[in-house]
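# Fold and geometry: a report
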Amino acid sequence: MYNSLKNTTMKKLILLFTVALIMQSCNITVEVSAYTDYDLTLEQKNNICWTSDTTSLIGLTNDGRIYAVNPNQMKDLLVAKEKALVYRWSPYEMENVIPIYFVQSYCNENNIELYVITNEYKSAFTEINNVKNPMFSMNNGDYITDIADKWENKFYKQLLGNKYKKNNYFYYFENGEFVRTEDEMLNEKWKKKWTDIEK
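These numbers were taken from a predicted model, which means no experiment stands behind them. (Residues numbered from 1 in each chain as written. Predicted model: local features only at pLDDT ≥ 70, side-chain atom pairs only at ≥ 80, totals over all residues. Heavy atoms only, no water.)

### A closer look at the confidence of the model for the protein chain
Scored by pLDDT, the protein chain comes out at a mean of 79, with 71% of its residues at no less than 70. Considering only residues more than four positions removed or in separate chains, one finds that residues 12–34, a stretch of pLDDT under 50, has 14 contacts. (pLDDT = per-residue confidence, 0-100. Contact = heavy atoms within 4.5 Å.)

Right under this line is the structure:
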């Protein structure tokens, strides 16, 4: 019986030691991206700028880089703008993706600042020249999860509060205050444009 107990204790110690070694050797960093873009070029990877919490977004220009930001940085930026539209650009999730160039054109015509927040890097780099302002992504380093859907929800809930609904992609702000979603209106405008082209 003593030997049996001794063997069981040894097995438990070995298992515990193995688990501790595995956990110690795992260097999990949420910053490397739940965006799941493993096929980025070296140049594209170098053009993702991970900002610190204290980095101001005011005055940034579109220099071809994507800036990973947090909700508080976005709030500070939006407060500085009389009218702004945040486009939660999610090309693989949206049923009908409204092109960024079309949204930028609408914003230009209506004196609205457009800020695109992407959740996908590869496609974003192909669209970066279609926006006037820098393109942003979500800095997921603040969230204790590497599941993209969870930290995206947390990011937008921090930005919009209880008004955030996952099925919306366009958020209109005035002086930093969220006013309304613009999904329906922009979808109608986009449909009308295509109807006019087909005539």
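Having seen the model, we can carry on.
### Description of the pairing of strand β2 (residues 66–69)
Side-chain alternation along β2 places Ile-66 and Ala-68 on one buried face and Tyr-67 and Val-69 on a second face that is also buried. Inspection of the sheet shows strand β1 (residues 48–50) paired to β2 by three bridges, in the parallel sense. Residue pairing across strands places Trp-50 opposite Ala-68, the latter belonging to β2. (Buried < 20%, exposed > 50% of the residue type's maximum accessible area, 1.4 Å probe, protein only. Helix = DSSP H or I, 4+ residues; strand = E, 2+ residues; numbered from the N terminus. Pairing = 2+ DSSP bridges.)

### Considering the pattern of salt bridges
All chains considered together, the criterion is met by five salt bridges. Note that Arg-65 and Asp-63 form a salt bridge whose closest N and O atoms lie 3.2 Å from each other. By relative accessible area, Arg-65 is classed as partly exposed at 29%. Classification of Asp-63 by relative accessible area gives partly exposed; the value is 41%. (Salt bridge = Lys/Arg side-chain N within 4 Å of Asp/Glu carboxyl O.)

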